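# Residue-level structural notes
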Amino acid sequence: MSSQRGNTKKSKPPKHANREAFKNNKHDTSKLTQTLNAMTIGGVCDRCKDTIQWKIKYKKYKPLTQPKKCTKCSERRVKHAYHIICAPCAQDAGVCAKCGTAKDSINPYAPTPMEQAAEESRLEAELKALSERRRRAFFRMQDKGFTGDDNAEEMSEKEAKNFADEEKEEEEEEEQGVHEAKNVENKVEEIEDERPSDLLVDEEQKNICNSSDIKDGLESGIV
């Protein structure tokens, strides 16, 4: 850059250039750095999101030590650094929580750990209440990328037909399994009904054999 006043044009590249890109966790393995790198930025517009990501990337981010006062409700409910509006007010007004301007695209807030735990427990309870067929159908839909928020119209006709066919096959398999189980129970009952008569015949034969042995022994003079 020239030393002439007002001349900001660069005439040559910088003298020193970094061989590797800066990494904020290369030498810093603290819990704070790991938490910031894994943090999901929400409630702000794309421009403010890029600004906050830049601060995290180059270790310029300074988290709050205590809640700040919201510029809308004047209550200390701002829990994110560089935000000027609390989450409820920003969501109600539809504005960016950092710059306060109304934007078409606002990144949604990430759920808190308590909200995630409550959602997981609710989902587990609902899955336990479902039948085995419905539970397998739910996991199959989840593997295909469909969630509970998706509408049935978003599913193509071919996928809907395949899903219906799979459900029908599972129903037939369940019916066949129930039928086979009933057959096994009936066979077991038949065997149990026939068992006493067989035992009586065996005991009679045994008694006859014993009496014949005793008779032979008396005749031979062994007993």
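## A look at the pattern of salt bridges
- On inspection of all chains with the given rule, the structure shows five salt bridges.
- A salt bridge links Asp 28 to Lys 59, with the nearest nitrogen and oxygen atoms 3.1 Å apart. Of the two residues, Asp 28 sits in the segment before helix H1 (31-38) while Lys 59 sits in the loop between helix H2 (46-57) and helix H3 (87-93), which places them 31 residues apart along the sequence.
- Glu 126 is the salt-bridge partner of Arg 122, the closest N and O atoms lying 2.6 Å from each other. Residue Arg 122 and its partner Glu 126 are located together in helix H4 (residues 113-129), separated by four residues, close to a single helical turn.

## With respect to the nonpolar core
- By size, the foremost hydrophobic cluster in this structure holds ten residues: Leu 36, Ile 41, Val 44, Cys 45, Cys 48, Ile 52, Ile 56, Tyr 61, Ala 81 and Cys 96.
- Looking at this core, the element that brings in the most residues is H2, giving three residues.
- With residues up to four places along the chain from it excluded, the contact list for Ala 81 reads Tyr 61, Lys 62, Pro 63 and Leu 64.
- In terms of nonpolar packing, the next biggest core, distinct from the first, is built from eight residues, Cys 70, Ile 85, Cys 89 and Val 95 among them.

## Section: the confidence of the model for the protein
- Per-residue pLDDT for the protein has a mean of 77; in total, 72% of the residues score no lower than 70.
- Predicted confidence in the protein is weakest over helix H6 (residues 157-220), with a mean pLDDT of 61, and strongest over H2, with 94.
- With pLDDT under 50 throughout, residues 149-155 is counted as low confidence; its partners more than four residues away or in other chains account for five contacts.
- Within the model, pLDDT remains below 50 along residues 217-223, and this stretch shows three contacts once partners closer than five positions in the same chain are excluded.

Thresholds applied
Residues numbered from 1 in each chain as written. Predicted model: local features only at pLDDT ≥ 70, side-chain atom pairs only at ≥ 80, totals over all residues. Heavy atoms only, no water. Salt bridge = Lys/Arg side-chain N within 4 Å of Asp/Glu carboxyl O. Helix = DSSP H or I, 4+ residues; strand = E, 2+ residues; numbered from the N terminus. Core = buried A, V, L, I, M, F, W, Y, C linked by side-chain atoms within 4.5 Å. Buried < 20%, exposed > 50% of the residue type's maximum accessible area, 1.4 Å probe, protein only. Contact = heavy atoms within 4.5 Å. pLDDT = per-residue confidence, 0-100.

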